[in-house]
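Analysis of the macromolecular model
These are the residues of each chain, in order.
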Amino acid sequence: MNSVLTQLNHWRLRERALTFAWGAARWATVVALVLAVACAADWAIDRYSGSAGWRKAVRWTGVLATDPLAVGHTPFGVRFLMTAAQLALAGAVAYYLVVRPWRTTPHIDDLALRAERAHPEFDHRLVTALQLNRPTADTRGMSQALIADVTREAGEIAAKHDFGALVDYRRLKLAAAVLVPALVVWGAFAAVNAPLAAILVQRQALLKVEIPRDTRLENRTPGVFPTGAEVTVRYAASGKFTPNSVGTLVVVPTGQPAEFYELTNEKGPDGAPTDIFSVKLPASSIDFTFQARLEDGRTDEASTVRFESPPQLARDDPSRPPLTAEQVLPAYLGTRPNGQAYFRKNDGWTRGEVIDALPRSTIIVEALFNKPVATAALVPIVRGDGLTERELPPVAPAEMGKDRQSASFVVPTVPRMIGYRIDLTDSYGFTNPTPIRRNVRMWDDRPPVVDFRPESTRNPNPETFDGTGNPKDYEFDMALAPDGLVMVTYAARSEVGVRAANIRFRVIPKGVQFDLYPEEYKAIQHPRDDPNLIVYDRLPLTRFVPPKNADLGPFVQDLGLFAYSFTRTVEVLGFEFQMDAVPRNNRNRVNVQFYPFPSRDPAEEPGELEAGGRYNFEIAGLQKKYPEVQSDGKIVLKRAKLEVGDTVEVYVEVFDKLPVVDAKGKPLLGDDGKPLSPRPAGYTREARRKIVVTEADAAMALLARDESRMKLRDKVNELARDQFDVFKPKKK
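Presented here is an overview of the structure given in this document. Because the structure is predicted, anything quoted here is derived from the model rather than measured.

**Some remarks on the overall build of the protein chain**
- A tally of regular secondary structure across the protein chain gives 10 helices and 34 strands.
- Across the 732 residues that make up the protein chain, the buried fraction comes to 40%.
- Across the protein chain, every contact between residues at least 6 apart in sequence was considered, and the portion connecting residues at least 24 apart equals 69%.
- Counting only carbon and sulfur atoms, one obtains 56% of the accessible surface of the protein chain, whose full area is about 41,900 Å².

Okay, structure coming up:
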């Protein structure tokens, strides 16, 4: 019986092997085909995702939705699902095609039955012997001899036959027929492109490997752009491509749908193709991510462009303007009591504008920025030739805020300066898109303004009898006697200070023809044309310094005197009275020749910008110049005393403080490199001319003036009484 069991067990082992081979071949074929499909799908998605055809196909489905930025590779989620599906399918197919058939291999009894069918001579002896010889067989009531005979006969018959001949080996051929094509396909793929085949299989194993491409793209686009700028996305291509290749750029602005653009080759300066492919996007301020594809090349990861506000002035704030400009007045205008320079703020200082900037002054510009800046520079701008402009070297900040959002600039003024510009650069290299430019109007270089004040006999003290009433009642055109005087009362002003004043005068002889004078003399018609004193003489006016502890009262500009120049205050029995300190006949000898006005507020503004005074110019010692023709025909000038009928012409000449030399007396140089010319003087617009008359005519003129004044005063008093009577209550 053992030999029979051995043959049946061998047969059963062969059946199991054939079942396994047949199932494994079908399983391997299915797995290989599914793997091939998955690899093909991975390659197709990696190659074509994001293309126009791909997007069209996705939209056509109406169901599928893909990440618009998945244009560079198969999404890992898709790869994971494909791998998971393959593993699940491989497990299920292995169970149904390998495990379950292997487990259901025919039992020995079934094989014995198949042997009896193949060899009828067994006549059921083989199956009976197997069943009755089992330890668990129920042989009660059976003859053991009969069982032994049946077993023996079954063994004898089995010994004459080979059960292995009953094995069906056709399944091996079927297995080969099923498996070989799949192996051929994979073998051919491996033979053609083994690296790609290996990479695709590794990717199905979820390994981090990339599919090789003939074209490679490298992003050359900066990651940050100024807000509102046009962004040009650039990629450097390498490998296989042509200048005519057209790529695809997908852009996804934050919170908005994807946008697609064409990437085209960027020409070089000479018009030749380059390895750069680019596209210019519309101006925007919304951050976006982007990816690109060109031929079979594409970016593996999405890139991002972020918009950053460019540097600019901070927003307007009434409490703290973003740009201010103050003028530091030059040293020749003096300093504050604490020794510091004076500052001046004009109407446009909160906008950074400067008006009437004085020569040799300094401008302090304070600027606030909307963000920290890397560099800040102030560029002075001056007027060039004609209407052109010229920029001076940039000025670095004198002080920068700790947060780098503020800066102070100290800029000395220069001739022909017309403005300045502030250039800002932040840490990204962005510059201010809107020019930060402000105007600087330099002070018009003009001489001091000088005006004559009318001649007047009014007392400057309004508390006195002859200091009250209408000031015009005291004004008159004083007649000039040979021993008389010309009352010169003047007021002067200059933005650069008033330094000195002079009287320029000449005598015009009566009855002398002007054509007889030498040409040099005739060419001079004004003191400004006579620096060498050929025609006009000069009388320097002395600077008036008030005595210490003297109460002179306020200065009266119209009279060129102090309020208490003629009077003094005395106290009697606790009451103050004004008394004449100067006799009326000697008032003409009281002069305040040149008085620069002190500052009204020494802590805030400089003094001596204005000046005034009065000088009674005596003519008794003046001489006139008249021409005389010599025997040789030469004309010479002679001098002679004044005579009745001659005319005395007087101007007031005033100089400003603007220096032309430094503290050591060294000449200062202009912007042309040459020493500065002496400062021009300012003059009264017109001369004060007086014709010399006789003493009697002068007395008559004075008497007529007094009578006219009395009549005018009587008329004024009469009008006042009439007005009083009109408003006086009537008696009932």
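Anyway, onward from the coordinates.
**Remarks on the pairing of strand β10 (residues 323-328)**
- Burial of β10 is extensive: six of the six residues sit out of reach of the surface.
- Of the two faces of β10, the one lined by Leu323, Ala325 and Gln327 and the one lined by Thr324, Glu326 and Val328 are each fully buried.
- As paired strands, β10 and strand β13 (residues 362-368) are joined by six bridges and run antiparallel to one another. When the bridges of β13 are listed, Glu326 appears paired with Ile364.
- In terms of strand pairing, β10 meets strand β11 (residues 343-344) through two bridges, oriented antiparallel. For Val328, the partnering residue across the bridge sits in β11 and is Phe343.

**Details of the sheet that holds β10**
- Pairing is antiparallel in the open sheet, where five strands are placed in the order β11-β10-β13-β17-β16. The outermost strands of the open sheet, each flanked by one partner alone, are β11 and β16 (399-400).

**Digging into the side chain of Ser245**
- Here Ser245 is to be found in the loop between β3 (232-239) and β4 (247-253).
- The class for Ser245 is buried, based on a relative accessible area of 4%.
- Looking at Ser245, its side chain comes within polar contact range of the side chain of Glu295, at 2.7 Å.
- Excluding its chain neighbours within four sequence positions, the residues that come into contact with Ser245 are Leu263, Phe277, Leu294 and Glu295.

**Overview of the packing of aromatic side chains**
- The full count for this structure, using the stated rule, is 19 aromatic pairs.
- Centre to centre, the rings of Phe288 and Phe290 are 5.9 Å apart; their planes meet at 55°, and the pair counts as tilted.
- For Phe288, a relative accessible area of 5% corresponds to the buried category.
- Between Phe555 and Phe562, the ring centres sit 5.1 Å apart and the planes meet at 80°, which makes this aromatic pair edge-to-face. Like Phe555, the residue Phe562 is buried in the burial classification.
- By way of ring pairs, the aromatic residues Phe544, Phe555, Phe562, Tyr595 and Phe597 are connected into one cluster.
- Above the ring of Trp349, the side-chain terminus of Lys345 is found at 4.2 Å from the ring centroid.

**Observations concerning the layout of surface pockets**
- By volume, the second largest pocket amounts to about 530 Å³.
- Forming the boundary of the second largest pocket are 20 residues, of which Pro359, Arg360, Pro415, Asp445 and Leu676 lie nearest the centre.
- Here the residues of the lining of the second largest pocket are counted per class, giving 10 nonpolar, three polar and seven charged.

**A short note on helix α3 (residues 76-103)**
- Taking 1.5 Å per residue, 28 residues should reach 40 Å; α3 reaches 38 Å between its end C-alpha atoms and fits that length.
- At Tyr95, α3 shows its maximal kink, close to 40°.
- Of all the positions in α3, only Arg79, Met82, Thr83, Gln86, Ala90, Val93, Leu97, Val98 and Pro101 are classed as buried.

**Some points on the sheet that holds strand β29 (residues 610-618)**
- Judged by pairing direction, the sheet is antiparallel, and its four strands sit side by side in the order β20-β21-β29-β28 without closing on themselves. If you trace the sheet from one side to the other, it starts and ends with β20 (449-453) and β28 (592-596), each paired once. Each strand axis lies, on average, 20° off the axis of its neighbour in the sheet, ignoring direction.

**Things to note about helix α8 (residues 194-204)**
- Within α8 the residues assigned to the buried category are Leu196, Ala197, Ile199, Leu200, Arg203 and Gln204. Relative to the axis of α8, the buried residues are bounded by an arc of 165° and lie together on one face.
- Two or three places before Leu196, at the start of α8, stands the capping residue Asn193, its side-chain oxygen 3.1 Å from that residue's backbone nitrogen.
- Of the residues flanking the end of α8, it is Leu206, one or two places downstream, whose phi is positive at about 65°.

**Remarks on empty space enclosed by the protein**
- According to the stated counting rule, one finds one cavity of 30 Å³ or more in the structure shown.
- Its boundaries defined by the atoms lining it, the largest cavity holds a volume of some 70 Å³.
- Forming the walls of the largest cavity are Phe505, Arg506, Val507, Tyr521, Val535, Asp537, Gln623, Lys624, Lys625 and Arg639.
- For the lining of the largest cavity, the elements supplying multiple residues, two or more each, are β22 (498-508) and β30 (623-629).

**Details of unusual backbone geometry**
- The phi dihedral of Arg416 is positive, around 70°, even though this residue is not glycine.
- By secondary structure assignment, the location of Arg416 is in the loop between β17 (406-412) and β18 (417-425).
- The partly exposed category is assigned to Arg416, whose relative accessible area is 45%.

**Concerning the pairing of strand β6 (residues 273-280)**
- Bridging between β3 and β6 involves five bridges; their strand directions are antiparallel. Directly across from Val233, in β6, lies its bridge partner Val279.
- Pairing of strand β5 (residues 259-267) with β6 involves three bridges; the strand directions are antiparallel. Pairing of Asn265 across the sheet is with Phe277, part of β6.
- In this antiparallel pair of consecutive strands, β5 and β6, the connection spans five residues, and Gly271 shows a positive phi of 85°.

What counts as what
Residues numbered from 1 in each chain as written. Predicted model: local features only at pLDDT ≥ 70, side-chain atom pairs only at ≥ 80, totals over all residues. Heavy atoms only, no water. Helix = DSSP H or I, 4+ residues; strand = E, 2+ residues; numbered from the N terminus. Buried < 20%, exposed > 50% of the residue type's maximum accessible area, 1.4 Å probe, protein only. Contact = heavy atoms within 4.5 Å. Areas by Shrake-Rupley, 256 points an atom, 1.4 Å probe, with all protein chains shown as cover. Pairing = 2+ DSSP bridges. Polar contact = N/O pair within 3.5 Å; in protein donor to acceptor, adjacent residues only side chain to side chain. Phe/Tyr/Trp six-rings, centres within 6.5 Å; stacked < 30°, edge-to-face > 60°. Lys NZ or Arg CZ within 6 Å of the ring centre and 35° of its normal. 1 Å grid on protein atoms, 1.4 Å probe; cavity = no way out; pocket = protein on both sides within 12 Å on 5 of 7 lines; lining within 4 Å. Points joined across faces, edges and corners; volume = space filled by probe spheres on them. Nonpolar A, V, L, I, M, F, W, Y, C, P; charged D, E, K, R; others polar. Expected span 1.5 Å × (residues − 1). Bend = angle between axes of the 7 residues up to and from the residue. Axes fitted to C-alpha atoms, helices over the stretch in contact; angles between N-to-C directions. Arc of directions from axis to C-beta.

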